[in-house]
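Each chain, written out:
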Amino acid sequence: MNFLAHALLAGDAPALVVGGVVGDWIKGGLPGALPADLARGVALHRAIDAFAETQPAFRASRARVSAARRRYAGVLVDIFYDHLLARDWACYRDEALGAYCAGVYGHIATRLDDLPPSAHPALERMAQEDWLQSYAGLEGIADVLARMARRARQPNPLAGSELEFAAAAAGFEEDFRAWLPDAQGFVAEWLRTR
């Protein structure tokens, strides 16, 4: 769910960026029906997710989520981290957030025919509604969480979960600032060896 972080961590290679962003929509073994370059991006996405689950700062963030929402802690932390990344974008990239997001959407648009048709509506909506840039404001993540709550098949406590972030914002920020450099180091090593 942390589309912006996956895009940033993928670096500047368009196929890795696209694979990173669409990774949650790709199921099954790789490469599957994907071209090899996109499959590599999805593999990186999956590797980052596996890394995050064991990384101490990410685990600390998961523990900050209340017991009522603990089942969704991983998803919530992903979204909170995208919020922190978007909010403080200038600390991580010289390129303006809006320009960067437009580039990501452009990369996805050029590879849309290589992606599963079932993902097309969401990816098109992502660009039209500028999801990535919307994460910069707390209201943006509130919208994301409300959409996710409505789409879920069963009742869930996702709507309103931005209050979880607000209640422990300093702690989540501290965790994120520890997690991101570790994740960048993990990605550099992953790319060097694959």
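See above for the structure.
Residues numbered from 1 in each chain as written. Predicted model: local features only at pLDDT ≥ 70, side-chain atom pairs only at ≥ 80, totals over all residues. Heavy atoms only, no water.

Q: Outline helix H4 (residues 56-64), listing residues and values.
A: Taken residue by residue, H4 has Ala57, Phe58 and Ser61 as its buried positions. The buried residues of H4 occupy an angular sector of 100° when projected down its axis, which confines them to one face. Of the residues in H4, the exposed ones pointing more than 90 degrees away from the buried face are Pro56, Arg59 and Ala63. Its buried side turned inward, H4 meets helix H3 (36-54), helix H5 (73-87) and helix H11 (169-193). Sitting at the head of H4, Gln55 places a side-chain oxygen 2.8 Å from the backbone nitrogen of Ala57. (Buried < 20%, exposed > 50% of the residue type's maximum accessible area, 1.4 Å probe, protein only. Helix = DSSP H or I, 4+ residues; strand = E, 2+ residues; numbered from the N terminus. Arc of directions from axis to C-beta. Contact = heavy atoms within 4.5 Å. Polar contact = N/O pair within 3.5 Å; in protein donor to acceptor, adjacent residues only side chain to side chain.)

Q: Any details on the pattern of salt bridges? Residues and values, ideally.
A: All chains considered together, the criterion is met by 13 salt bridges. Salt-bridge contacts for Arg69 lead to Glu164; the nearest nitrogen and oxygen are separated by 3.1 Å. Taken together, the positions of Arg69 in the loop between H4 and H5 and Glu164 in helix H10 (residues 162-167) put the pair 95 residues apart, joining distant regions of the chain. Residue Arg69 is classed as buried on the basis of its relative accessible area, which comes to 17%. A single network of salt bridges, built from pairs that share partners, joins Arg87, Asp88, Glu173 and Arg177. (Salt bridge = Lys/Arg side-chain N within 4 Å of Asp/Glu carboxyl O.)

Q: So what about the side chain of Asp175? Which residues, and what values?
A: The topology assignment puts Asp175 in helix H11. What Asp175 contacts, discounting residues up to four positions off in sequence, is Ala57, Ala60, Ser61, Arg64 and Tyr81.

Q: Any details on the nonpolar core? Residues and values, ideally.
A: Membership of the largest hydrophobic core comes to 65 residues, with the highest contact counts inside it found for Leu4, Tyr135 and Trp179. Residue contributions to this core peak at nine residues, all from H5. (Core = buried A, V, L, I, M, F, W, Y, C linked by side-chain atoms within 4.5 Å.)

Q: Lay out the packing of H5 against helix H9 (residues 138-151) in plain terms, naming residues and giving numbers.
A: Closest axis-to-axis distance for the H5/H9 pair is 10 Å, and the angle between their directions is 150°. The orientation of H5 relative to H9 falls into the category roughly antiparallel. The chirality of how H5 crosses H9 is right-handed. Residues Val75, Leu76, Ile79, Phe80 and His83 of H5 lie in contact with H9, whose contacting residues are Leu138, Ile141, Val144, Leu145 and Met148. A breakdown of the residues in the contact of H5 with H9 according to their chemical character gives nine nonpolar, one polar and no charged. (Axes fitted to C-alpha atoms, helices over the stretch in contact; angles between N-to-C directions. Parallel < 35°, antiparallel > 145°, perpendicular 65-115°, else oblique. Left-handed = near helix turned anticlockwise from the far one by under 90°. Nonpolar A, V, L, I, M, F, W, Y, C, P; charged D, E, K, R; others polar.)

Q: Give a detailed account of the side chain of Asn2, specifying residues and quantitative values.
A: Mapping Asn2 onto the fold places it in the segment before helix H1 (3-10). Contact partners of Asn2, with chain neighbours within four places excluded, come to Asp49, Asp78, Asp82 and Trp179.

Function cannot be read off these values alone, since they describe shape.
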